[in-house]
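# Observations on the model geometry
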Amino acid sequence: MPEVLRAGRAAFTFLTIVPVGGFPYSDVAWRWSAAWFPFVGLVLGFAAAGAFTLLRPAGGGVAAVAAVTLTVLLTGAFHEDGLADSADALGGAYDRERLFAILKDSRIGTYGAAALMASFALRATCLASLDADAPRALVVAHMAARVTPVCLMALMPYVTSSDASKSRPVVRGAWPQAVAAIVFASAILWACVARGLLAQALVVALALALGAVAVVLGAYFRRRAGGITGDFLGATEQINEATILVTLAMW
């Protein structure tokens, strides 16, 4: 199998706990796995949408919490871990050296706990308010939220010093991977527009919102740390998810 296709399995291995096998993966497969991040998000979104639909008779709140919880379980809280570590480091460090020390600490502090509670509550509340539109929102959110982290990989240096970093083989992806991720997500979104599932203006609004989040976070990460880390990318995904769901709920 071509390494670019094997990279799809590598992406599931990296982002989820789903046992897809395929080891060992080459450096090329790990690098191209970033291009498959939106596809992984698409699959996770459909799984969450199924959980919401199944439990919706129990109430929108129950279904929303179940859908969010399922994605946390399927990813092994991978992105949530990045959000918590990033919140602790960026909130509790006053210099670059201390920031990286906190990122390496496996314990969750006050900032991290608050960020996790806010993320979970915001996503679940938005889904509950969306009600019948929540399954569609879950698919869009999980897919689109994983695009801009790939763009940040291409735009910014990876500044984690540890050679044992789990993210290091993946973040070597550059513009070819970013363009592939953008094209895939764009194709899915505009196919939804063509079928009347999403309004064209809504897709434009989502793109502008995600672009603004990427610019703000990228500038902040560069100022505080000089670049990106795996935790920062996980935090970006979480913020993207919340941004998409809030936009959809407001729409």
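These notes cover the structure that comes with them. Remember, predicted model here, so these are calculated numbers, not experimental data. (Residues numbered from 1 in each chain as written. Predicted model: local features only at pLDDT ≥ 70, side-chain atom pairs only at ≥ 80, totals over all residues. Heavy atoms only, no water.)

## Describing the overall build of the protein chain
Counting its regular elements, the protein chain contains 12 helices and 0 strands. In the protein chain, the succession of helices and strands from N to C terminus is α-α-α-α-α-α-α-α-α-α-α-α. The globule rule puts the C-alpha radius of gyration for 251 residues at 18 Å, and the 17 Å found for the protein chain is close to it. In terms of overall dimensions, the protein chain has a C-alpha envelope of 50 × 45 × 35 Å along the principal axes. Counting over 251 residues, the protein chain shows a buried share of 51%. Sequence-distant contacts in the protein chain: of pairs separated by 6 or more residues, those separated by 24 or more amount to 74%. With an accessible surface of roughly 11,300 Å², the protein chain has 68% of that area assigned to carbon and sulfur atoms. Averaged over its 18 positive side-chain charges, the protein chain has a centre that lies 5 Å from the centre of its 15 negative ones. (Helix = DSSP H or I, 4+ residues; strand = E, 2+ residues; numbered from the N terminus. Rg over C-alpha atoms; globule rule 2.2 N^0.38 Å. Buried < 20%, exposed > 50% of the residue type's maximum accessible area, 1.4 Å probe, protein only. Contact = heavy atoms within 4.5 Å. Areas by Shrake-Rupley, 256 points an atom, 1.4 Å probe, with all protein chains shown as cover. Lys, Arg positive; Asp, Glu negative; His and termini not counted. Charge placed at Lys NZ, Arg CZ, Asp CG, Glu CD.)

## Structural notes on the pattern of salt bridges
Taken as a whole and assessed by the stated rule, the structure comprises 7 salt bridges. Where Asp105 meets Arg107, a salt bridge forms, and the shortest distance between an N and an O atom there is 2.8 Å. Put simply, Arg146 and Glu237 hold a salt bridge, and the shortest N to O gap is 3.1 Å. Residue Arg146 is located in the loop between helix H8 (134-144) and helix H9 (148-155), and its partner Glu237 is located in helix H12 (residues 230-250); the two are separated by 91 residues in the primary sequence. Glu237 matches Arg146 in its accessibility class, with the two residues each being buried. Each of the salt bridges in this network shares a partner with another, and the network as a whole consists of Glu80, Arg123 and Glu241. (Salt bridge = Lys/Arg side-chain N within 4 Å of Asp/Glu carboxyl O.)

## Brief notes about the side chain of Glu237
Classification of Glu237 as buried rests on a relative accessible area of 1%. In this view, Glu237 contacts His79, Ala145, Arg146 and Pro149; residues no more than four positions away in its chain are not counted.

## Topic: the environment of Asp27
Among the structural elements, Asp27 can be located in helix H2 (residues 27-33). For the pair Asp27 and Val170, spaced 143 residues apart in the sequence, the C-alpha separation amounts to 8.3 Å.

## Here we look at the side chain of Ser119
Note that Ser119 resides in helix H7 (residues 110-130). The contacts of Ser119, once residues within four sequence positions are left out, are Leu83 and Gln238.

## Digging into helix H10 (residues 175-194)
In this model, H10 (20 residues) spans 28 Å end to end at C-alpha, consistent with the 28 Å of a helix rising 1.5 Å per residue. If you check which residues of H10 are buried, you get Gln177, Ala178, Ala181, Ala185, Leu189, Cys192 and Val193. Projection of H10 onto a plane perpendicular to its axis shows the buried side chains occupying an angular sector of 145°, all on one side. Along H10, exposed side chains directed more than 90 degrees from the buried face belong to Val183 and Ala194. Those residues of H10 hidden inside the fold are in contact with H2, helix H3 (37-55), H8, H9 and helix H11 (200-225). Backbone geometry just after H10 places Gly196 at a positive phi near 80°. (Expected span 1.5 Å × (residues − 1). Arc of directions from axis to C-beta.)

## Re the packing of aromatic side chains
Tallying each qualifying case throughout the model produces 8 aromatic pairs. With a centroid separation of 5.2 Å and 70° between ring planes, the pair formed by Tyr25 and Trp30 is classed as edge-to-face. This pair shows no difference in class: Tyr25 is buried, exactly as Trp30 is. Summarising the aromatic geometry, the rings of Trp36 and Phe39 are spaced 5.7 Å apart at their centres and angled 85° between planes, so their arrangement reads as edge-to-face. These aromatic residues form a ring-pair network of at least three members: Phe12, Trp36, Phe39 and Phe184. (Phe/Tyr/Trp six-rings, centres within 6.5 Å; stacked < 30°, edge-to-face > 60°.)

## Section: H9
Burial of H9 is extensive: 7 of the 8 residues sit out of reach of the surface. Among the residues making up H9, those that are buried are Thr148, Pro149, Val150, Cys151, Leu152, Met153 and Ala154. At its buried positions, H9 is contacted by H3, H8, H10, H11 and H12.

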